[in-house]
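Descriptive analysis of the structure
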Amino acid sequence: MTVHNFYIFDRNGSCLHYSEWNRKKQAGISKEEEFKLMYGMLFSIRSFISKMSPLDMKDGFLAFQTSRYKLHYYETPTGIKLVMNTDLGVPNCRDTLQQIYSTLYVEYIVKNPLCVLGESLQSDLFNTKLDSFIRALPFFSVRAA
């Protein structure tokens, strides 16, 4: 089991942060184009689920999986969206994404007067802490299956 990559988007669809660990295949397009496609897909899936769900979806969209990977999603009340792509064996990561938001993003970005909210995250401390956090997860493995 492993983590492939991780995105943080703001409420307007701008990618604030991107990291990757065990990504075997590149998209063949620029990172900016990939970020737009990812956000567009998330926007469409959320819209589809909210319209088609027979129940009131309090938590909304949490994850989806293909035959190759699983996408985990968490949206904060302020509209920050955290996305983690993993392999299929990884269980639901909602708590993990909430923990990344509350213990890393809030502590090292929101509370940092040098970080401008809404702009690309330029904090080396945040990057280091996030990398350490992801590598310490029980389902992280350097070698992807």
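Residues numbered from 1 in each chain as written. Predicted model: local features only at pLDDT ≥ 70, side-chain atom pairs only at ≥ 80, totals over all residues. Heavy atoms only, no water.

To continue, consider the confidence of the model for the protein chain. With 94% of its residues at a pLDDT of 70 or more, the protein chain has an overall mean of 86. Of all the helices and strands in the protein chain, strand β3 (residues 63-65) carries the lowest mean pLDDT, 86, while strand β5 (residues 81-86) carries the highest, 94. (pLDDT = per-residue confidence, 0-100. Helix = DSSP H or I, 4+ residues; strand = E, 2+ residues; numbered from the N terminus.)

Below, the discussion takes up the pattern of salt bridges. Between side chains of opposite charge, pairing is possible as soon as their charged atoms come close. In total, this model carries six salt bridges according to the counting rule given. Measuring nitrogen to oxygen at the nearest pair gives 3.5 Å for the salt bridge that ties Glu75 to Lys81. Its relative accessible area of 26% is what places Glu75 among the partly exposed residues. Here the salt bridges share partners, and the residues they tie into one network are Glu20, Lys31 and Glu34. (Salt bridge = Lys/Arg side-chain N within 4 Å of Asp/Glu carboxyl O. Buried < 20%, exposed > 50% of the residue type's maximum accessible area, 1.4 Å probe, protein only.)

Before going further, it helps to spend a moment on the environment of Gln65. Within the secondary structure layout, Gln65 lies in strand β3. The partly exposed category is assigned to Gln65, whose relative accessible area is 48%.

What the rule picks out here adds up to zero disulfides. For the unlinked cysteine Cys93, the closest cysteine sulfur is that of Cys15, found at 18 Å. Classification of Cys93 by relative accessible area gives buried; the value is 1%. (Disulfide = S-S within 2.5 Å.)

Moving on: helix α1 (residues 31-52). Across its 22 residues, α1 extends 31 Å between first and last C-alpha, which sits within 8% of the 32 Å expected from 1.5 Å per residue. Residues of α1 that are buried: Glu34, Phe35, Met38, Tyr39 and Leu42. The buried side chains of α1 occupy one side of the element, clustering within an arc of 130 degrees when seen end-on. Turned more than 90 degrees from where α1 packs its buried face, Glu32, Lys36, Leu37, Phe43, Phe48, Lys51 and Met52 sit exposed. Considering only its buried residues, α1 is in contact with β1 (3-9), β2 (15-20), β4 (70-75) and β5. (Expected span 1.5 Å × (residues − 1). Arc of directions from axis to C-beta. Contact = heavy atoms within 4.5 Å.)

Next up on the list: the environment of Tyr105. Turning to its location among the elements, Tyr105 is positioned in helix α2 (residues 94-110). A C-alpha to C-alpha distance of 8.9 Å links Tyr105 and Leu130, two positions 25 residues apart in sequence. Apart from the residues lying within four places of it in its own chain, the contact partners of Tyr105 are Ile8, Leu16, Ile80, Ile100, Val110, Leu117, Leu121 and Phe126.

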